[in-house]
Amino acid sequence: MGKRKRMSGLIKRGDVWHIDKQINGRRICKSTGATERRVAEAQLKQIMDDVFRSGSMFGAPTITFGRAAVQWANDNKSRKSIKRDIQDLESVFQFIADQPLRSVHQLTLESYIQSRKEHGIASSTVKRTLSTVRRVLEAAHSVYRDEQGQPWLASVPKLSVETWSKPKARIVLSQQEESCLLGALSCDLSDIALFLLHTGLREGELRSLRWDMEEESHDGVLVFRLPAEVTKNNQERLVLCNCAAARVIRRRREFDSEWVFANADGSRRRARLSSSGWRRGRERACQAMAEQAVGNYSERLSKLRVHDLRHTFGDRLRSRGVTIDTCGDLLGHRGRGVTAHYCRSQNPELISAVKVLECFELPQNSRKEADGFGVGQEYKS
């Protein structure tokens with residue numbers, strides 16, 4: 001018969017057993033007062049059960065995910081995406097807000113994942129939410145400490161989501177689609193859409209555009225300089241306005257506001273552009289395209305996002321022969337890998353690229369000629 005497995009973490013000093021063990025990120029050092037190992041093991045087992053059951057130790061308060069999330073949101077108010085991050089956390093609160101931090105893992109999040117899937121939410125959206133959840137857990141592990149200096153969370157679990165939906169296809173507007181869309185939108189949204197098509201600004205950057213960002217014109221071209229704090233990648237960006245964009249700017253000067261694209265009352269536009277006005281205008285544009293019976297364009301317009309205007313800007317630049325580096329500068333990208341997503345290479349450019357290699361072609365002889373047989377001769381054994 002084999003020996004009974006003994007619990008680790010017990011040390012005998014003299015005749016008394018003492019506990020010296022790391023449990024749930026905390027080191028426990030105390031005397032059991034017992035001289036028999038079985039009694040000491042029972043005490044150690046009871047302590048371990050209490051710790052793992054409550055998520056705390058010796059009366060220390062249990063840190064819930066909700067508390068950690070609020071702490072993280074308050075500490076990260078300067079994040080450009082904090083509003084969206086808070087939306088992510090709010091969507092998952094009803095499932096895990098009251099859970100101890102150590103109880104937040106893949107299994108406890110399955111109900112949230114299935115709920116979002118059943119409601120038709122894209123898997124990419126759920127992945128973004130879980131990445132925000134993980135940021136909170138990482139802060140609880142590496143940043144936040146209790147009164148004893150121990151981390152709120154001993155370790156960060158891995159979170160994953162299966163992909164059940166395809167990413168939305170990018171849409172590049174044709175000139176006919178652009179005409180229908182601009183004609184169907186309100187005057188205000190039409191100006192905004194036209195400006196985005198000719199500057200490639202991100203929606204948030206457009207809403208942050210102020211008159212004090214305007215600079216002296218360069219070679220007759222109107223210029224705005226966006227400071228780093230309003231751009232997505234924290235880099236200054238020049239906004240160069242061609243004739244079409246400059247006409248929009250001239251119309252906006254009539255409004256008395258510090259913001260270029262302000263609300264009707266002159267206040268800063270904080271709501272996203274994809275409002276009911278955008279959706280109704282898009283529907284009217286779809287009807288106009290359907291009446292013209294132009295292929296499947298009406299279906300394309302029904303799926304058009306405001307961000308697709310930026311895609312159109314980049315694609316049109318490439319179609320006119322603008323280099324990928326210049327496109328990246330105009331789009332405000334830090335790396336050219338992202339620019340390639342907006343500016344796909346055109347077929348003529350691809351064809352010209354592969355033809356460049358033709359100068360390396362070596363003269364080739366047929367296999368029969370190499371073996372001493374002329375063209376048309378037959379091999380005889």
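What counts and what doesn't
- Residues numbered from 1 in each chain as written.
- Predicted model: local features only at pLDDT ≥ 70, side-chain atom pairs only at ≥ 80, totals over all residues.
- Heavy atoms only, no water.
- 1 Å grid on protein atoms, 1.4 Å probe; cavity = no way out; pocket = protein on both sides within 12 Å on 5 of 7 lines; lining within 4 Å.
- Points joined across faces, edges and corners; volume = space filled by probe spheres on them.
- Helix = DSSP H or I, 4+ residues; strand = E, 2+ residues; numbered from the N terminus.
- Buried < 20%, exposed > 50% of the residue type's maximum accessible area, 1.4 Å probe, protein only.
- Arc of directions from axis to C-beta.
- Salt bridge = Lys/Arg side-chain N within 4 Å of Asp/Glu carboxyl O.
- pLDDT = per-residue confidence, 0-100.
- Contact = heavy atoms within 4.5 Å.
- Nonpolar A, V, L, I, M, F, W, Y, C, P; charged D, E, K, R; others polar.

1. A few points about the layout of surface pockets
Then, number 1: Taken as a whole, the largest pocket holds about 2,200 Å³ of empty space.
Then, number 2: As for the largest pocket, its lining consists of 48 residues, and the residues nearest its centre are Arg84, Glu203, Gly204, Arg207 and Arg272.
Then, number 3: Counting only elements with at least two residues in the lining of the largest pocket, the list comes to helix 3 (82-96), helix 5 (123-142), helix 8 (203-207), helix 10 (276-291), helix 12 (308-319) and helix 14 (336-342).

2. Here's the deal with helix 13 (residues 324-331)
Then, number 1: Among all positions in helix 13, only Cys327, Gly328 and Leu331 are buried. The buried residues of helix 13 occupy an angular sector of 100° when the element is viewed end-on, so they sit on one face.
Then, number 2: Just past helix 13, the residue Gly332 takes up positive phi, approximately 75°.

3. Examining the pattern of salt bridges
Then, number 1: Under the counting rule described, the total for this entry stands at 23 salt bridges.
Then, number 2: Among the salt bridges present, the one from Arg252 reaches Asp188, with a minimum N-O distance of 2.9 Å. Of the two residues, Arg252 is situated in helix 9 (residues 243-252) and Asp188 in helix 7 (residues 187-199); the sequence distance between them amounts to 64 residues.
Then, number 3: In this structure Arg252 comes out as buried when scored by relative accessible area, which is 3%.
Then, number 4: Residue classification places Asp188 among the partly exposed residues on the basis of a relative accessible area of 26%.

4. With respect to the confidence of the model for the protein
Then, number 1: Mean pLDDT over the protein works out to 83, with 81% of the residues at or above the 70 mark.
Then, number 2: Considering only residues more than four positions removed or in separate chains, one finds that residues 56-60, a stretch of pLDDT under 50, has 9 contacts.
Then, number 3: For residues 373-381, every residue scores under 50 in pLDDT, and the model assigns this stretch 5 contacts once sequence neighbours within four places are set aside.

5. Some remarks on unusual backbone geometry
Then, number 1: Within the chain, Asn234 stands out as a residue other than glycine whose phi angle is a positive 60°.
Then, number 2: Counting through the fold element by element, Asn234 comes out in the loop between strand 5 (221-226) and strand 6 (237-241).

6. Some thoughts on empty space enclosed by the protein
Then, number 1: If you walk through the whole model with that rule in mind, you get 1 cavity of 30 Å³ or more.
Then, number 2: When its volume is computed, the largest cavity comes out at roughly 30 Å³.
Then, number 3: In this structure, the largest cavity is lined by Leu189, Ile192, Ala193, Leu273, Trp278, Val306 and Leu309.
Then, number 4: The leading source of residues in the lining of the largest cavity is helix 7, at 3 residues.
Then, number 5: Within the lining of the largest cavity, the residues separate by chemical class into 7 nonpolar, no polar and no charged.

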